[in-house]
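Architecture and fold: a report
If you want the building blocks of each chain, they are given just below.
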Amino acid sequence: MNLKNIVNRYLINALEKLNLTVKSFDLSSSKNPKFGDLSTNVALILAKQVRRNPMEIARKIEQAIPIDNSILSEINVTPPGFINFRISPIYYQSIVQQIINKDKHFYTGNIGKGKTANVEFVSANPTGPLSVGHGRQAVIGDTIANILQWHGYDVTREYYYNDGGKQMRILGESVAARYFQELGQSVEWSDDYYQGDYIKNIAKNIVKEFGEKVKIGDAIFRKVAEERIFSNIRNTLEYIGIIHDIFSNEKDFIKPNKIESLIESLRQKGLIYEADSATWYKTTSLGKDQDRVLIKSSGEPAYRLPDIIYHRDKFERNYDLLIDIFGSDHIDSYPDVVSALEALGYNTSNLRVLIHQFVTLTKGGEKVKMSTRKAEFVTLDELINLVGKDVVRYFFLMRGMNTHLNFDLELAQDQSEKNPVFYLQYAHARICNIIRHGEQHGITFDKNYGPSLLSHDAEIELMKQLNQFPEIMATVLESLEPRSITNYLQTLASSFHKFYTECHVITEDIPLSQARIALISATKNILAEGLDILGINAPKRM
RNA sequence: GCCCCGGUAGCUCAGCUGGAUAGAGCAACAGCCUUCUAAGCUGUGGGCCACAGGUUCGAAUCCUGUCCGGGGUACCA
């Protein structure tokens, strides 16, 4: 059981003894160590209810809590009515043992045990290489999947794409145009065409593989382009450690019978009408300011339609938790998908849609506009080559997904050398080095070490941080914001570096050395565990 | 117009399910390596938490309004 639960129980017992009831109260780590380790506002909340002085109530509660020296060393009350708990070093010392003994509490959660989850992310159509913008979503999605796995979920990583739409047609035409240019023929060039060099390369390859006799409108242009681009996308994803379990193709969801059945279901709810020879979804009756087209007058489905069918399919697959990760361009359309699913009778409370803001790229202070079609973008590959996989992942994870991430390319490399990710990795490598050093001097880990020898301020502080890990993981499962993990690992690493400068591990004092080896081993385990969740390497040497 | 996000140190950002003195990194300045990795540690300077109201014992955090910035608002996906 974790520390908070233990103290919480003390409080509840005390309240019962005093015949006090309260709906909810806060028990959290004290921001200022002066006040102890944990503080609660329960007396302040109660004061309002019973109309009495909060200090008076706090003192009563304080007296009703027994001091158990293995956990609590002190309780005190401070104005305006906080009750503060100081935790016994004995408790923190026991944390190190738990971590070393691989206590499950530190290595896995049980909330998702026996449950399934699906995380849909990236979902870029194969019209060009992944950009830096896609990278943010890719890394966030993969890490959220890791977080769910840590909590016991059986996670499916899914990539949804569309290779049948207008954009793909233009892609094929763009390649064809380059192909004929390559053969020295003059072709009509449209501004709509994709302009990146990768298009030229694909065209050159078609010349090489299929010769010079491919005709205008041949399906080969699009087919080869899609294959090439898709394999490139997969390589890029693999490059930063991401592997999807399922690739879902829109084609499988726009079959006539599926479309008809969906339209009919919605029509029965009075949400469908025809106008201007198109089929409309009456989003105004669901609070939107305008209705949306589901089937264009040409008879083709508009993109919302397959999205709805696709999501219905995911619901039918009966996951316990569905997560969609979209860029902010979806902000307006996903509520329509959700409302349609609700209208169809699905319980959307187990669907979580996470919207992240786009990456704003600047080059020497000037904004770089990103457009796949105009080939104005920086590819994810280029970025990874520039700064490395670990930095890319960390960079995208350390900021909240609601921030408009500002990324200056000229500073990217510069910043990477001072990047906080090295701070974490360095802590891990340093520990490995100390352990090696100990081995060279015949001082190794001994499970009969004396935990009570760990009593230096820097040691206590480090143990306190270790104790936080499961709690951080629990809050991240709620918020689905990986940045809490990066923030936590920073403070953990900081506590370790401080410990390192103040306490020598390998010394002539063998018992103390062994106790400290236990402490740094536990620290190493948690650092590695955290980095693993982030998909970042924990190096043994740097 | 409508919707979503943001506005915290010179810069990039934490902190935001309300708590006690607002933090980190970078940049600037001053220190610390004859013993485990200086990619580290210690210290100094730097803030009307955009602005104005409100709720509260208590607001950077919640509510309302204003201003500024980013994005979205297609019978493109």
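Remember, it's a predicted structure, so these values are computed and weren't measured experimentally. Think of each chain on its own: its residues are numbered from 1, step by step along the sequence as written. Chains and ligands are labelled sequentially in the order written, the chains with letters from A and the ligands with numbers from 1. A pLDDT threshold of at least 70 governs which residues receive local features in this predicted model, and a stricter bar of 80 or more applies before side-chain atom pairs are shown or counted, although totals over entire chains, interfaces and linings include all residues. Water and hydrogen atoms play no part in the side-chain values, which are based on all heavy atoms of the structure.

**Digging into the packing of aromatic side chains**
Between rings of Phe, Tyr and Trp, where Trp is taken as its six-membered ring, a pair exists when centres lie within 6.5 Å; planes separated by under 30 degrees are stacked, by over 60 edge-to-face, and by other angles tilted. For the coordinates displayed, the defined rule picks out 21 aromatic pairs. For the pair Y161 and F230, a centre-to-centre distance of 4.7 Å together with 80° between the ring planes defines the contact as edge-to-face. You can see Y161 sitting in strand β6 (residues 154-161) and its partner F230 sitting in helix α8 (residues 219-239), a full 69 residues away along the chain. No difference in accessibility class separates Y161 from F230, as the two residues are buried. Cluster of aromatic residues (ring-pair linked, three or more members): Y159, Y161, F230 and F247. Over the ring of F247 we find R234, and its NZ or CZ is 4.0 Å from the ring centre. Counted as over-ring charges are cases with an Arg CZ or a Lys NZ within 6 Å of the ring centre that also lie within 35 degrees of the ring normal. Its end group placed over the ring of Y500, R430 keeps NZ or CZ at 3.7 Å from the ring centre. Numbering goes from the N terminus for both helices and strands, where a helix is a DSSP run of H or I of at least four residues and a strand is a run of E of at least two. Each residue is assigned to one of three classes by its accessible area relative to the maximum for its type, calculated with a 1.4 Å probe on protein chains only: buried under 20%, partly exposed between the two thresholds, exposed over 50%.

**Things to note about the pattern of salt bridges**
What makes a salt bridge here is a side-chain nitrogen of Lys or Arg within 4 Å of a carboxyl oxygen of Asp or Glu, nothing more. Scanning all chains against the criterion turns up 18 salt bridges. Here D37 and K464 are joined by a salt bridge, their closest N and O atoms 2.7 Å apart. Placement of D37 in the loop between β1 (27-29) and β2 (38-40) and of K464 in helix α16 (residues 457-479) is noted, with a sequence separation of 427 residues between them. D37 sits in the buried class, given a relative accessible area of 10%. Given a relative accessible area of 21%, K464 falls into the partly exposed group. Here E481 makes a salt bridge to R483, at a shortest N to O gap of 3.5 Å. A relative accessible area of 11% means that E481 is categorised as buried. Among the charged side chains, a network of salt bridges with common partners joins E120, K314 and D324.

Remember, this is a structural readout, not a statement about activity or role.
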